[in-house]
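Listed below are the residues making up each chain.
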Amino acid sequence: DTAVSQTPKYLVTQMGNDKSIKCEQNLGHDTMYWYKQDSKKFLKIMFSYNNKELIINETVPNRFSPKSPDKAHLNLHINSLELGDSAVYFCASSRTGWSQPQHFGDGTRLSIL
Amino acid sequence: SQQGEEDPQALSIQEGENATMNCSYKTSINNLQWYRQNSGRGLVHLILIRSNEREKHSGRLRVTLDTSKKSSSLLITASRAADTASYFCATAPGGSEKLVFGKGMKLTVNP
């Protein structure tokens, strides 16, 4: 009965590779997010989708491409991975509306060798 | 720049004591939220306080909001070892849909 689940939990890969992280929520929420948390625990929003439509696109390199096949799924594809991409990536979801409480997955720890 | 800043950045207390964390922010808000993050886990929403509310309670949690000072505090009473976690405040600056999180504050409750 996991609310927001993301896979994989750990991702270790070489610089230059392409990788994807998947996220699914079973809360019936219309809005989903991707966040990046760095080693100092600073959490920064990357993207937000509402009903499969991109509504927030922060200053993120275009190597990062989100895809929402339906409102319960939001995947993140990263091309040409760089050392600075090492971080924990969190998926979250919420109901639509101004600053609604968000439900987070347990994160994907990405390590670039 | 950061919208929310928690203070102190780290706090270590004994079980049974109260823990108070403060958050300051810069712009007008619709609401302010507090989240907890246990080690290796995602953030968990604790409580939301609207801009027209001054105080809110949820179990052992008490949140206050002072919009004139642009600050909020989270009080955890009768702390337990299980309260050991990082705590974040989050606001939506200018009423936007984007939540901006503070840097977080690490609370350690010693048994």
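For the structure itself, look to the data block above.
Rules used in this analysis
Residues numbered from 1 in each chain as written. Chains lettered and ligands numbered in written order. Predicted model: local features only at pLDDT ≥ 70, side-chain atom pairs only at ≥ 80, totals over all residues. Heavy atoms only, no water. Helix = DSSP H or I, 4+ residues; strand = E, 2+ residues; numbered from the N terminus. Rg over C-alpha atoms; globule rule 2.2 N^0.38 Å. Buried < 20%, exposed > 50% of the residue type's maximum accessible area, 1.4 Å probe, protein only. Contact = heavy atoms within 4.5 Å. Areas by Shrake-Rupley, 256 points an atom, 1.4 Å probe, with all protein chains shown as cover. Lys, Arg positive; Asp, Glu negative; His and termini not counted. Charge placed at Lys NZ, Arg CZ, Asp CG, Glu CD. Patch = residues over 30% accessible without salt bridge, like charges linked within 9 Å, V, L, I, M, F, W, Y side chains within 5 Å. Salt bridge = Lys/Arg side-chain N within 4 Å of Asp/Glu carboxyl O. Pairing = 2+ DSSP bridges. Axes fitted to C-alpha atoms, helices over the stretch in contact; angles between N-to-C directions. Core = buried A, V, L, I, M, F, W, Y, C linked by side-chain atoms within 4.5 Å.

A. Inspection of the overall build of chain B at higher detail. From N to C terminus, chain B includes 0 helices and 11 strands. Secondary structure elements in chain B, listed N-terminal to C-terminal, are β-β-β-β-β-β-β-β-β-β-β. In terms of overall size, chain B behaves like a compact globule, its C-alpha atoms giving a radius of gyration of 13 Å where 111 residues would be expected to give roughly 13 Å. When its C-alpha atoms are laid out on the principal axes, chain B stretches across 40 × 25 × 20 Å. Within chain B, the fraction of its 111 residues that count as buried is 45%. Relative to all contacts within chain B whose residues are 6 or more apart in sequence, the contacts with residues 24 or more apart total 55%. Surface exposure of chain B reaches about 5,000 Å², of which carbon and sulfur atoms provide 45%. Charge centroids of chain B, computed over 14 positive and 10 negative side chains, lie 4 Å from each other.

B. The arrangement of a positive patch on the surface in detail. The grouping of Lys9(A), Lys41(A), Arg109(A) and Lys106(B) at the surface amounts to a positive patch. Following the sequence through the fold, Lys9(A) ends up in the loop between strand S1 (4–7) and strand S2 (10–13). Exposure remark for Lys9(A): the relative accessible area of 36% places this residue in the partly exposed category.

C. Structural context of the sheet that holds strand S3 (residues 19–24) of chain B. Residue and element names in this part refer to chain B. On the basis of which strands lie adjacent, the open sheet formed by 5 strands has the order S1-S3-S8-S7-S6 and antiparallel pairing. The sheet is open, and its two edges are formed by strand S1 (5–7) and strand S6 (55–58), each paired on a single side. Pairs of neighbouring strands in the sheet enclose a mean axial angle of 20°, with direction left out of account. Inspection of the sheet shows S1 paired to S3 by 3 bridges, in the antiparallel sense. In the sheet register, Glu 5 faces S3, and the bridge partner there is Ser 24.

D. Representation of the sheet that holds strand S3 (residues 19–25) of chain A. All names here are of chain A. If you trace the 4 strands from one edge of the open sheet to the other, you get S1-S3-S8-S7, paired in antiparallel fashion. Of all strands in the sheet, those with a lone pairing partner are S1 and strand S7 (64–70), marking the two edges. In this sheet, neighbouring strand axes are inclined to one another by 20° on average, regardless of whether the strands run parallel or antiparallel.

E. View of the nonpolar core. Residues and elements named next belong to chain B. Core analysis: the biggest nonpolar cluster contains 22 residues, and Met 21, Leu 32, Trp 34, Leu 74, Ile 76, Tyr 87 and Leu 107 have the highest contact counts within it. Looking at this core, the elements with two or more residues in it are S3, strand S4 (31–37), strand S5 (43–50), strand S7 (61–66), strand S8 (71–76), strand S9 (85–91) and strand S11 (105–110). If we skip the residues at most four places from it in the chain, Ile 76 touches Glu 17, Asn 18, Ala 19, Met 21, Arg 60, Leu 61, Asp 83, Tyr 87 and Leu 107.

F. Broad picture of the pattern of salt bridges. For the coordinates displayed, the defined rule picks out 8 salt bridges over all chains. One salt bridge in this structure joins Lys98(B) and Glu58(A), with 3.3 Å as the shortest N-O distance. Of the two residues, Lys98(B) is situated in the loop between S9 and strand S10 (100–101) and Glu58(A) in the loop between strand S6 (53–57) and S7; the pairing between them involves two chains. The partner of Arg63(A) in a salt bridge is Glu82(A), and the shortest N-O contact between them spans 3.5 Å. With Arg63(A) in the loop between S6 and S7 and Glu82(A) in the loop between strand S8 (73–78) and strand S9 (87–94), the pair connects residues that are 19 residues apart, well separated along the chain.

G. Representation of the environment of Lys67(A). All names here are of chain A. If you trace the backbone, Lys 67 turns up in strand S7. Through-space distance from the C-alpha of Lys 67 to that of Ser 111 is 22 Å; in sequence the pair is 44 residues apart. Excluding residues that lie within four positions of it along the chain, Lys 67 makes contacts with Tyr 49, His 73, Leu 74 and Asn 75.

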